[in-house]
2 protein chains.
Amino acid sequence: MNVAILGVGTVGSSVVKILKKNKELIKARSGVEINPVIGFVRDLSKKRDVDIELSDDINSILKRDDIDAYVELMGGVDRPYKIVSEILKQEKPVVTANKAMLAYHRYALQNLAKNTPFGFEASVAGGIPIIKALKEGLSANKIEKIVGILNGTSNYILTNMMQNGVNFDEALTKAQNLGYAESDPSFDVDGFDAAHKLLILSSIAYSVHGDPEDILVKGIRKISSEDIFFANEFEYVIKLLAISKIEDKKVELRVHPAFINKDNILAKVDGVMNAVSVYGDALKHSMYYGPGAGGDATASAVVADLIDIAKGNKSPMLGYNTTLQNVKLLSQNDIKTKYYLRVRVEDKKGVLATIANVMSENRISIDSFLQKPRLKDEKYTTLFFTTHTSLEADIKKVIEILENMKFVLNRPFMIRIES
Amino acid sequence: MNVAILGVGTVGSSVVKILKKNKELIKARSGVEINPVIGFVRDLSKKRDVDIELSDDINSILKRDDIDAYVELMGGVDRPYKIVSEILKQEKPVVTANKAMLAYHRYALQNLAKNTPFGFEASVAGGIPIIKALKEGLSANKIEKIVGILNGTSNYILTNMMQNGVNFDEALTKAQNLGYAESDPSFDVDGFDAAHKLLILSSIAYSVHGDPEDILVKGIRKISSEDIFFANEFEYVIKLLAISKIEDKKVELRVHPAFINKDNILAKVDGVMNAVSVYGDALKHSMYYGPGAGGDATASAVVADLIDIAKGNKSPMLGYNTTLQNVKLLSQNDIKTKYYLRVRVEDKKGVLATIANVMSENRISIDSFLQKPRLKDEKYTTLFFTTHTSLEADIKKVIEILENMKFVLNRPFMIRIES
C-alpha cells in the first residue's frame, strides 16, 4: 500500500519514521507493506529530517495512480477540506489528524466517504484510541455522557497552578518555554481546541450536528490563586473539561474549567496528558488516558488508521450506517449544573444578606459558603459560594445583578462544578 | 445475523437483553439486525429471566443452518474448547468471554480461526476494549510493557485494606457478602485469574507462548496490616498487578501484589474496577480503565464483537497475520525488580548487621530501612527493608537464608515494588 503524506511537519515526519522503523511489525499485523512514497510540502527549501521524496505540487500528487491512501496533515479548514473531498471523490482512503476541518465539515465528509475508508483517530486526544473505542469498542452501548480532558496545554498550565502555586501568566510562560504552548495560546487556553474535539466525539456518540460556535466555550485565563485556594480547601481539582451529555434527545455540549472531586480518576490526569471518561448504558464508566499531542503519539494513531485500511476494515466514518437519532443541541441557558462563585465585595454589614437574597430570588440555592478573615487595612474581602444544581440562565442573571451592585468590586467569577 | 448463546447465566442474559434493548442502535451501527435466536443451557428446569428460546441439546444447536454466529459463555476449558473448535471448523464466527480456554488453547484456536472471525474482547477486563486497543488502536506500536489491575475481587479487597484498615479475612468476607468474591476465592485472590488474562494480552502484544503454570503468580492472602502501614508511610499503594515486559526477545510475565507510587495513575484504580497501562514505542504510556466484571459490562464487549463480525471486519485473532517474533519466556529467576522485605526478628544486638550482611553477600543493596519502636514486653520486632533493583534469584536466596536463622521468627515476607 503506497501512501502520500500531505504535510510533512512534526507529525508527518513521525508517520514516515514509524512506517519505516516498524515496517516488519506493521506488515505482520496488516498483512501488507505500507510504504510512504511521497510527501507534499509548501516550501521545498526548508530542511527536514525525513527520508522520503518531497514535492510542492499537490495536484500532481493527487493525480498519481500509484497512491493507495492519503494522509492529510496540512492544518487549516477549507483548503484541506477541498483537497480531502477531491481524494474521496476518487474513492481513495484518507487519514487525517485535522480536528478543525472535522469540526466544521464532518458530515459533508461522511457523505463523500460513504464507500471509502476515512480515518481520523489522530484528531482527538493524540494517540489514545478513543475514536475506535467509541465507534467499535463501546458499540453495544447507548452513550450517555462524555467528560474529557482534551487540551494538554491547558492541563499542563492548570496542573502547574494547582501543584506549584504559580499564577496563570507564569504557568503559561513556562508552557511556552517548554514548547507546550504556542506564542498565541488562545486556541488552547480559551477552549476552542477542546471544543473541536468534543464535537467530533459527540458526533460519533449521538450523531449530533452543530458548529464550534454553537457550544458553550470558556477558557482558563481568569482562574486566580483564590480559586486554587478554594479548590484545595474543598478537596477539588480544577480541570478544563469538555463535557457532552444526552437527555431526552437533547445534547448538551460545553467546554469550561470545572471543579472536580479529588477522588475522580480524571483528577489524577496531570501535565500534558489527556483523558476521556465515557459513560454508556451497558459498560457504565470507562476511561481512556494517554498523551494528547506530540509527533510520535499522533503518528501512532495515523499509522493505526492506515493499518485498519490495509486490513480492509470498514466502519461508517462517524459510526452509523443509518441516521438513528434526531437529536438537537440543548440551548446554553438550559444547561443545569452546580456552580462556584467568587465575589469580591466591600466588607460591610448587610452585604452577605443582600447577595443571599439575590440568589434566592433567582432560584439559586447555596450549598457551601466561605469567607476568609479580612487582612488589616484591607477594604475588600472575597466571598466564595457553591450552589446546588441550578440553571445556567439563573446563575448568569445573578452574576449580572451582582456586578451592578455598588459594594461588588468586579464582575463575580464563576466556575462550574462537575460531580 | 442470527446468534446462538451457549451458556445463559449472568453474562448470557445480559447479552440477550442488550441485543434487544439497543436493537435499533446496533442496527444503525452494524448495518444489520443481530438477533439472539437460541440459548443453550444445561438445566432447562432452572428459572431464568431471559426472553429467548432455550435448549439443552448442544448438538442440535451446533448443527443449525440458520445460526450465523455463536457466543460461548459456558466456562470451563476443555469442553468449550471442543465445542468452539467444532464451530470454527464449520467456519462460523465465535465470540467468547472464556479466559481459561484462551490461556491454554489460544494458539490452537487461532489456527482454526484463520478464515473465521473470533472475538474475545470480553475475556480480559470485562467491557474495557483493551483487546481492540492492543490489536488495532496501538497497532503502529512495538508494545514494550503492560501493567494491569485485572482482578476486581483482589482490587476490592486491597482497596478495603488500604482505606479502611481491615485485614485480609475481614475484607474477603465483605467481598463475599457483596457478591464480589466466590465462596472459594482462590482463583481470584491467588492470582490465577489475572495470570490467564495477562497471557492473553501478552500473546497479542508479543506473540508469546506459554501456559499459566509457566509464569510467576503470587496472591494477596499474606498481606498484613504491617505491610499496609509501611505502604502508607512510604507513599505507596498495594495493588495486585499483572505485568509483562519484553527485552531482547525475552518476555517477562508475572502476577503479584506490588507497591506502586501513590501518584501512579493505577494507584487511583479502586474497588472492583480494572485498568491496564500499555507502553508502546510510539504512543508511550496509555491507560484503559473500567469495570472488569459484571453481566452488563462483560456483555458490552460480547455485543461489540458481534457488531464487528456483522460489519465484516476481520483481524487475525491474536493480531498477527504472520509470526513475527521468536520470543521466549524469561525464567522467573532472571526477573529483576525492586523488593520490599518484612522480617520479624528477636530484638537483640547484631541482628540488623547480620541481615545486612546476608543481603550484601547476595548482591542485594538496601534502598530504605524502617524499624518501629518495640512495644513494651514484646520480644520481637519487625524490620522493613526496600532494595534497589535486584535479581529474583538473589532475593529468594536471601529469604531462604534468613528463614533459617535462629533470631528470625517467620519466613520473611516479600512484596515487589513496581516503579
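Residues numbered from 1 in each chain as written. Chains lettered and ligands numbered in written order. Predicted model: local features only at pLDDT ≥ 70, side-chain atom pairs only at ≥ 80, totals over all residues. Heavy atoms only, no water.

**Looking at helix α6 (residues 130-137) of chain B**
For α6 of chain B, the tally of buried residues reaches 8 of 8 residues, placing the bulk of the element in the interior. Here α6 of chain B has its buried residues at Ile130, Ile131, Lys132, Ala133, Leu134, Lys135, Glu136 and Gly137 of chain B. (Buried < 20%, exposed > 50% of the residue type's maximum accessible area, 1.4 Å probe, protein only. Helix = DSSP H or I, 4+ residues; strand = E, 2+ residues; numbered from the N terminus.)

**What about the nonpolar core?**
Of all hydrophobic cores here, the largest spans 171 residues; its most connected members are Leu6, Phe118 and Ile130 of chain A together with Leu6, Phe118 and Ile130 of chain B. Dropping the residues within four chain positions of it, isoleucine 130 of chain B is found in contact with Glu121, Val124, Ala125, Leu201, Val276, Val278 and Tyr288 of chain B. (Core = buried A, V, L, I, M, F, W, Y, C linked by side-chain atoms within 4.5 Å. Contact = heavy atoms within 4.5 Å.)

**Details of the UniProt feature "binding site: NADPH" (unreviewed entry) in chain A**
Residue and element names in this part refer to chain A. This chain's UniProt record puts "binding site: NADPH" (unreviewed entry) on Lys99. With respect to the helices, strands and loops of the structure, lysine 99 is situated in helix α5 (residues 99-112). Looking at lysine 99, the relative accessible area reads 22%, which means it is partly exposed. Filtering out sequence-adjacent residues up to four positions away, lysine 99 remains in contact with Ser123, Phe187, Asp193, His196, Lys197 and Ile200. (UniProt positions renumbered as here; feature names shortened; annotations may be inferred.)

**Concerning the relation of the copies chain B and chain A**
With an axial shift of 0.0 Å and an RMSD of 0.0 Å, the rotation relating chain B to chain A amounts to 180°. Put plainly, the chains are arranged around a two-fold axis. (Least-squares fit on C-alpha atoms with pLDDT ≥ 70 in both.)

**A few points about the pairing of strand β7 (residues 143-149) of chain A**
All names here are of chain A. Burial of β7 is extensive: 6 of the 7 residues sit out of reach of the surface. By the bridge criterion, 4 bridges tie β7 to strand β9 (residues 236-247) in an arrangement that is antiparallel. In the sheet register, lysine 145 faces β9, and the bridge partner there is lysine 245. (Pairing = 2+ DSSP bridges.)

**Digging into the sheet that holds strand β5 (residues 94-96) of chain B**
Remark on secondary structure: sheet strands pair via backbone hydrogen bonds, oriented parallel or antiparallel. Residue and element names in this part refer to chain B. Taking strand neighbours across the sheet as the criterion, the 6 strands line up as β3-β2-β1-β4-β5-β6 in an open arrangement whose pairing is parallel. Pairing within the sheet leaves two strands with one partner each, and these edge strands are β3 (54-55) and β6 (118-119). Where β5 lies against β6, 2 bridges are found, and the strand directions are parallel. Bridge pairing links valine 94 to phenylalanine 118 in β6. Here helix α12 (residues 295-311) sits on the sheet in contact with β1 (2-6), β4 (69-72), β5 and β6, set at roughly 160° to β5. (Axes fitted to C-alpha atoms, helices over the stretch in contact; angles between N-to-C directions.)

**Describing the interface of chain B and chain A**
Taken together, the contacts link 56 residues of chain B with 56 residues of chain A. Counting each side, the surface lost to burial between chain B and chain A is near 4800 Å², with a carbon and sulfur contribution of 55%. For chain B, the biggest contributors to the area lost against chain A are Arg29, Ala140 and Tyr289 of chain B; these three give 14% of the whole. Viewed at the interface, chain A and chain B are joined by 4 salt bridges. (Buried area = accessible area lost by both parts, 1.4 Å probe. Salt bridge = Lys/Arg side-chain N within 4 Å of Asp/Glu carboxyl O.)

**Let's talk about the domain arrangement of chain A**
Quoted interface sizes are often the accessible area lost when the parts come together. Residues and elements named next belong to chain A. As far as domains go, chain A holds domain 1 (2-126), domain 2 (131-290 + 320-329) and domain 3 (333-418). Relative placement of domain 2 and domain 3: their C-alpha centres are 25 Å apart. Three residues, Glu226, Phe230 and Phe259, lead the burial of domain 2 against domain 3; their summed loss comes to 31% of the area buried on that side. The interface formed by domain 2 and domain 3 holds 3 salt bridges in total. The partner of arginine 254 in a salt bridge is glutamate 418, with the nearest N and O atoms 3.7 Å apart. Taken together, domain 2 and domain 3 are joined by 8 residue pairs in polar contact (both at pLDDT 80 or more). Those elements that provide at least two residues to the side of domain 2 that touches domain 3 are β7, α11 (225-233), β9 and β10 (250-261). The leading source of residues in the side of domain 2 that touches domain 3 is β10, at 7 residues. (Domains from an automatic or database assignment. Polar contact = N/O pair within 3.5 Å; in protein donor to acceptor, adjacent residues only side chain to side chain.)

**What about the UniProt feature "binding site: L-homoserine" (unreviewed entry) in chain A?**
Residues and elements named next belong to chain A. In the numbering adopted here, UniProt assigns the feature "binding site: L-homoserine" (unreviewed entry) to Glu182. Its place among the elements puts glutamate 182 in the loop between α8 (168-177) and α9 (186-189). Every residue in contact with glutamate 182, bar those within four places of it in the chain, is listed here: Gln176 and Asp188.

**Focus on unusual backbone geometry**
Even without glycine at this site, lysine 249 of chain A takes up a positive phi of about 60°. Relative to the helices and strands, lysine 249 of chain A is located in the loop between β9 and β10. In this structure lysine 249 of chain A comes out as partly exposed when scored by relative accessible area, which is 48%. Positioned with a positive phi, arginine 363 of chain B is a non-glycine residue whose angle comes to about 65°. As for its position among the elements, arginine 363 of chain B is in the loop between α13 (351-361) and β15 (366-371).

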